[in-house]
Amino acid sequence: MSLPPVECIYVTDDCIREWKNGNLSFKVPNPVPMLRFLYELCWVMVRGELPFQKCKTVLDSVEFLDKFSEEEIDSNLADVVTQMAQDLTLPGEYRARLIKLARWLVESSLVSLRLLQERCEEEFLWESEMIKIKAADLKSKEVRVNTRLLYQQTKFNLLREESEGYAKLVTLLCRGSEVPNQNASAATVGIIKSLIGHFDLDPNRVFDIVLECFELQPDNSVFLDLIPIFPKSHASQILGFKFQYYQRMEVNRPVPFGLYQLTALLVKKDFIDLDSIYVHLLPKDEEAFEHYSTFSSKRLDEANKIGKINLAATGKDLMDDEKPGDVTIDLFAALDMENEAVNERASELENNQTLGLLTGFLSVNDWYHAHILFDRLSPLNPTEHIQICNELLRLIELSISSAYGHVRQMHLQSLGLLSAAGSDSLETNSLVQKFFINLPKNLFEMLACAGPYLYRDTLLMQKVCRVLRGYYLSALELVSGGDGAFNVETVIGGNRSPRLHLKEARLRIEEALGTCLLPSLQLIPANPAVGQEIWEVMNLLPYEVRYRLYGEWEKDDERFPMVLAARQTAKLDTRRILKRLAKENLKQLGRMVAKLAHANPMTVLRTIVHQIEAYRDMITPVVDAFKYLTQLEYDILEYVVIERLAQSGREKLKDDGLNLSDWLQSLASFWGHLCKKYPSMELRGLFQYLVNQLKKGNGIELVLLQELIQQMANVQYTENMTEEQLDAMAGSDTLRYQATSFGISRNNKALIKSTNRLRDSLLPKEEPKLAIPLLLLIAQHRSVVVINADVPYIKMVSEQFDRCHGTLLQYVEFLCSAVVPTTTYAQLIPTLDDLVHLYHLDPEVAFLIYRPVMRLFKCQGRAEAFWPLNSAEASAALVAEKESESTDSSGLLILDLGPSWKSIMWSDLLNTVRTMLPSKAWNSLSPDLYATFWGLTLYDLYVPRNRYEAEIAKQHAALKALEEFSDNSSSAITKRKKDKERIQESLDRLTGELQKHEEHVASVRKRLAHEKDKWLSSCPDTLKINMEFLQRCIFPRCTFSMPDAVYCAMFVHTLHSLGTPFFNTVNHIDVLICKTLQPMICCCTEYEAGRLGRFLYETLKIAYYWKSDESIYERECGNMPGFAVYYRYPNSQRVTYSQFIKVHWKWSQRITRLLIQCLESTEYLEIRNALIMLTKISNVFPVTRKSGINLEKRVAKIKSDEREDLKVLATGVAAALAARKPSWVTEEEFGKGYLELKPAPALPSKSLPGNQNSDSANVVKDQMLRTKPADGRLERTESASLKSDQVHVKPKAGSVNGSDAQPSMPSAAVHAGTSKSIENQKQIDESMNRALDDVKAGPKTSTDSEARASVKRSLPTGSLSKQPRQDLGKEDSKPGKALGRTSGTSTIDKDLMHPHEGRLGGMINVSVGSSNGNTVPVSVKASSQSAKSVDIHSSEPKMEGGAARSSDLRTSAVKEDNVEVSDLQRSLSSRHAHSPRHDNSVSASNLVIDNKRELVLLKNWTD
């Protein structure tokens, strides 16, 4: 072939020019690749462009890219010349120069002659005169030499030809009786060499004989010295021929084990390489893997069929499978299947030479190469073969022998120390004081290879567990210091830290547990001792690591068919047992369950939990059956429960979105019963799971926490308390416990232990304490539920909120009762400021948590005077000058939790309280009142004496019953004695606590009496006190819990009974019912509505008690500041009994109207909450028959509603109303004669002749028909629309009647007592001036549509002796109709949205002259004060001068905080007015006349 033209890249023309000129200083500018440069250089010289003699100069002027030696340049030049010489198309001139170039290179020593002779063709060598013979002769000689080297054999003395030399050799090698030593080995080597030389023996045959003798004497170390004299490459070939011999079809013998052992030993000693011998072994890996895969798949299919139902089976077959006889379990079924598989694979070990070689490695203790083969052959599962497994277990035991000796010795020492000192604390110390246990890495590799087959040697398995435990304890002790017992550099090496060693030890133990120990446990039939040994190791690991191991436990079942078969068999047996598990056979079947769980805890326990989720009634027998489990199984059970909770794809709520799923409720109940019964259950993992879920915003699983607290601590949360239980909640701990314990003894040891276990799980000594994080997360989740709710219906949000809130109450109660003393609890929780501002908790939740801490505040210097007890008692013996300080004793209170905690003053607490509410709120409240309200409990205000006495009587009855017991056996007498002691102890405790409670309440009341004067006196905005108090205190707490609802009512009663200045009780109830009750009903959850109803029930009960008798009223209310007419002025005149009855009438009608509105609403929550509230107040409301019938009709309609929950509620309410129906009273009986009720007219009224203002009455009617209540809804009566207020003025036969817009509400009594005739104008002026003075002295009066719902005003003429009545409840009555002709009066109701002021009540009669000369008593009523914006209906009756003798009245505008009155323009004549009631029930009214001749009647607060 022709050489391609060369394009010179590096040997350029410039370079050639410089080289020709002999420029010795010239250098090639850049480094060049050597081979390319030499090729270009030779080509240039062959073409004649550069003389040969310049070659050295060129080489000196160039720098190559890589550093090369001269030999490499020599070789590359020879390659270039050889390449160019092979070009037969090279022109003759160029070839001649190439020959000359080759000669010159040899002569100049740049290329050696031998290189060219080796690489160039014979013709080129002959032409260049580098050889002496011709080219053809050289080729012939080359052929002859090659033939002689490759095909001519050297004849040696073969064994069959002459045996003397081999006989001597065999005799020498088989002489193994002498003890081998170095001299003997050297002599043997010398003899063998002599035999080979003398008898001309074949060295390879000698090597073969040596190997065969070594195979027969594997323990003779002389052979190890003989083998090195032979070539190593021959050994693998010789051994390969041996293995190939046994692969022949005609050879029916297996490979002798000695050959495997010999090969393994040679590989171990590095005489041969593993790969060099591995290629000679059969079968090939791919073929073996494929064969085993088919075999394994078949076994897996058989294992999966276990427990499967055959749908094609006949009825008889199914009956045979499920015979009703005794349940039996086969613990060895999986092992029998395994034995069958091992027997089936026995021939595989004989035919598979790679497995045999693996056995050989194990037999010579060569773990390094054995591990390599284990990795290569892992798809074959080599450990399944008994021979390989036994050798591996032997190696494991060999590896731990020394370490186990130390562990055993230390255990014996610890037993001796324990028997001598009686302290198990010395065990750990003695275990690490003498010996440091360090295990090699090889051991853990062996355990990983052994896998589940360690079950074949249970004794070794226990040894491994003990060694691993000692290994980990040694690492722990090394980290902790070990009192200097160990030298770190000695035991673990100087370049490793103890912590790194501990980490490595833990990882190794985790690997051993996950790959070997736990899987092996599944195949050991019912051996709890092994399970306990494994638990001793696992107990050293954190629960997170343990749970991870449990999760990975069954993932590799597909690799081991026998493990899968064991699991399937255990699952089937477990289901069979659970079908028959009952109380009668609990002992027998419980033990069977335990036996199954000992071997397959994960499978058995998971199956049981699945069944419990589906069948709730199995909880009790299963829990009882678990008494036979070990600690390892209890730990696995907790993991299974958490696994089921975290499992995705299952809804935790039912389809309605409200109730918890059945499986979750069953799981929670099961877990609560289990943890209560067995102290071995660990709860930290579950609590951490709950914390993690709360962080994600998921709180449904809190039902588990509820069950745990209920079962383990007997702290139960329920909304449906009986009256007795709710009353007992105000008592001492013993009384509360007796009411809620349901027969459980307070000193029950099991209960005390379970409570302490639950507390210790939340507050461990060393690990992170989850009690407070869990508390804060639950409290925060209470708000998150509302904010982040992702549900289609609001009732779902309500249900989730109630569930979370109930958990919070239950959890806080548990912490307060379990964490004792209270100072410990106080040290755990954050400060009040952190709770509110750092953790952003609502004030009511923050005070719930912090309330026990507030009771630790005490007076400085007096340790016995804790808040809220009266500190003035402790200082009674002090001098007089210090008594003044007791009035402000709260400033001396301090919280001291110990030297390491900062003291907190009560003033600091109040400063925190000030930051909890907007600044405007403190204009009507004080921090002292706010802190006092939230800090006190029902225990501080109320003594349930009846409950104390009932419980004491119950204990006396129990004692009497014990004394009457007739059994006089020794056991009965002993039991009776213990019961008597227990009952007597409870009796003494109850008696003492009753006395202590009474003293406590008296002391608290004294403190409150001392502090009450400063609570509201300094508030600048007294008009909003009640609204702020309701908004900031009452409503948040009364909807918090049932006891808190009762507490709120009791606290209000306490404020009233103490005579708290500026707190108006009547206005408080009025604002509650008329202003805030309806919106509260509409925005409450289901449970909150019940609590609000309870609060309203307690409030109404107190109010009805005051109304029941005038003497009671005068005694408890008549002289109290809470019943002041002008509540800006606590010492002003009081509300009379008659006025109180009227306001009661208004409240009753208002509640009726609100409930009817809610019951007729289309909103689900309004209907439900109204029904719930009506259920709670049914014992005191409704009172009148008319209201009850109205409510009954609405409830009856709801009973036919499609919504089942509403139907159930309505049915209960209807039953409660029916039960109370006999106690309903008429309206006349309710009013006790103080209400004047007008009957409905039989016919519509007609206009009187001569009446000039009949149009005015129509205007009144139209305007009143348009009047709406404050909530913007038209209110309906039983069968007619709502009626409006009307004012009727009759000069003669007519009257002035006022009716409000509320339905079925009779007019309040217009106190039209018989008025005396006014003698002269002076008397009229004097009475008018007095009335005006009253208006000026009192606050601003305004009107309120909500307040005027229950009263009607009338102005009878002097000729009428009896007021006509109107029945608003009748269907034929028409709203807005006047009974008679009116003399120019109209009523205009306007909705005004602004806060209004006014005095609470008081009715003032002013005689107004009418057209016929009679005096008309006008009743003007002032509305009640509201603390926030409300709807106000104001009426301004106008009297226009239609008649000739009508009086012109002028009034001035009523302004805020003052009243300006113009002089009367005309004198007023007077006439006698007749009233059916006594005069003292009517108070004076204010009459103001302005220039517009409009009469402004100030509405009474009862309006």
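Residues numbered from 1 in each chain as written. Predicted model: local features only at pLDDT ≥ 70, side-chain atom pairs only at ≥ 80, totals over all residues. Heavy atoms only, no water.

Caption draft 1: Broad picture of the packing of helix 25 (residues 458-480) against helix 28 (residues 528-538). The N-to-C vectors of helix 25 and helix 28 enclose an angle of 20°; their axes lie 8 Å apart at closest approach. When the interaxial angle is binned, helix 25 and helix 28 end up roughly parallel. The two elements helix 25 and helix 28 cross, and the hand of that crossing is left-handed. Every residue of helix 28 that contacts helix 25 at T458, M461, Q462, C465, R466, L468 and R469 is listed here: V530, E533, I534, E536 and V537. (Axes fitted to C-alpha atoms, helices over the stretch in contact; angles between N-to-C directions. Helix = DSSP H or I, 4+ residues; strand = E, 2+ residues; numbered from the N terminus. Parallel < 35°, antiparallel > 145°, perpendicular 65-115°, else oblique. Left-handed = near helix turned anticlockwise from the far one by under 90°. Contact = heavy atoms within 4.5 Å.)

Caption draft 2: Local environment of the sheet that holds strand 2 (residues 893-895). Pairing is antiparallel in the open sheet, where three strands are placed in the order 1-2-3. At either end of the open sheet lies a strand with only one pairing partner, and these are strand 1 (858-859) and strand 3 (904-905). Across two bridges, strand 2 lies against strand 3 in antiparallel orientation. Paired with L895 across the strands is I904, a residue of strand 3. (Pairing = 2+ DSSP bridges.)

Caption draft 3: Examining the pattern of salt bridges more closely. Per the stated rule, a full pass over the model turns up 60 salt bridges. Residue R508 is joined to E504 by a salt bridge in which the shortest nitrogen-to-oxygen separation is 2.4 Å. Linking R508 with E504, this pair stays in helix 27 (residues 498-521), spanning four residues, or about one helical turn. The class of R508 is buried, set by a relative accessible area of 15%. Where E1028 meets R1032, a salt bridge forms, and the shortest distance between an N and an O atom there is 3.2 Å. With E1028 and R1032 both in helix 53 (residues 1025-1038) and four residues apart, this pair spans about one turn of that helix. Here the salt bridges do not stand alone but share partners, grouping R205, D208, E212 and K242 into one network. (Salt bridge = Lys/Arg side-chain N within 4 Å of Asp/Glu carboxyl O. Buried < 20%, exposed > 50% of the residue type's maximum accessible area, 1.4 Å probe, protein only.)

Caption draft 4: Looking closely at a negative patch on the surface. A contiguous patch of negative charge on the surface is contributed by D301, E302, D336, E340 and E344. Elements that contribute at least two residues to the negative patch include exactly helix 16 (285-304) and helix 18 (333-344). Within the secondary structure, D336 sits in helix 18. (Patch = residues over 30% accessible without salt bridge, like charges linked within 9 Å, V, L, I, M, F, W, Y side chains within 5 Å. Areas by Shrake-Rupley, 256 points an atom, 1.4 Å probe, with all protein chains shown as cover. Lys, Arg positive; Asp, Glu negative; His and termini not counted. Charge placed at Lys NZ, Arg CZ, Asp CG, Glu CD.)

Caption draft 5: Representation of the side chain of R345. With respect to the secondary-structure elements, R345 resides in the loop between helix 18 and helix 19 (346-351). Residue R345 is classed as buried on the basis of its relative accessible area of 3%. Polar contacts involving the side chain of R345 include one to the main-chain carbonyl oxygen of L380, which spans 2.9 Å. The contact partners of R345, leaving out residues within four places of it in the chain, are Y292, F295, L380, N381, E384 and H385. (Polar contact = N/O pair within 3.5 Å; in protein donor to acceptor, adjacent residues only side chain to side chain.)

Caption draft 6: The arrangement of the side chain of E445 in detail. Here E445 is to be found in helix 24 (residues 441-450). K441 is the oppositely charged side chain nearest to the buried, salt-bridge-free E445, at an N-O distance of 4.3 Å.

Caption draft 7: Local environment of a nonpolar patch on the surface. On the surface, a nonpolar cluster with roughly 430 Å² of combined accessible area is contributed by L149, L150 and Y151. Residue position: L149 is located in helix 8 (residues 135-151).

Caption draft 8: Quick look at unusual backbone geometry. The linkage connecting L282 with the following residue, P283, adopts the cis geometry, with an omega of -5°. Looking at the secondary structure, you find P283 in the loop between helix 15 (274-278) and helix 16. The step from F1181 to P1182 runs through a cis peptide bond, and the omega angle for that step is 0°. With respect to the element layout, P1182 can be found in the loop between helix 59 (1164-1176) and helix 60 (1185-1198). The phi torsion at N381 lies on the positive side, around 50°, for a residue other than glycine. When you line up the elements, N381 lands in the loop between helix 21 (367-376) and helix 22 (386-421). Even without being a glycine, N714 presents a positive backbone phi close to 55°. Inspection of the secondary structure assignment puts N714 in the loop between helix 37 (702-713) and helix 38 (723-728). Residue N714 is classed as buried on the basis of its relative accessible area of 9%.

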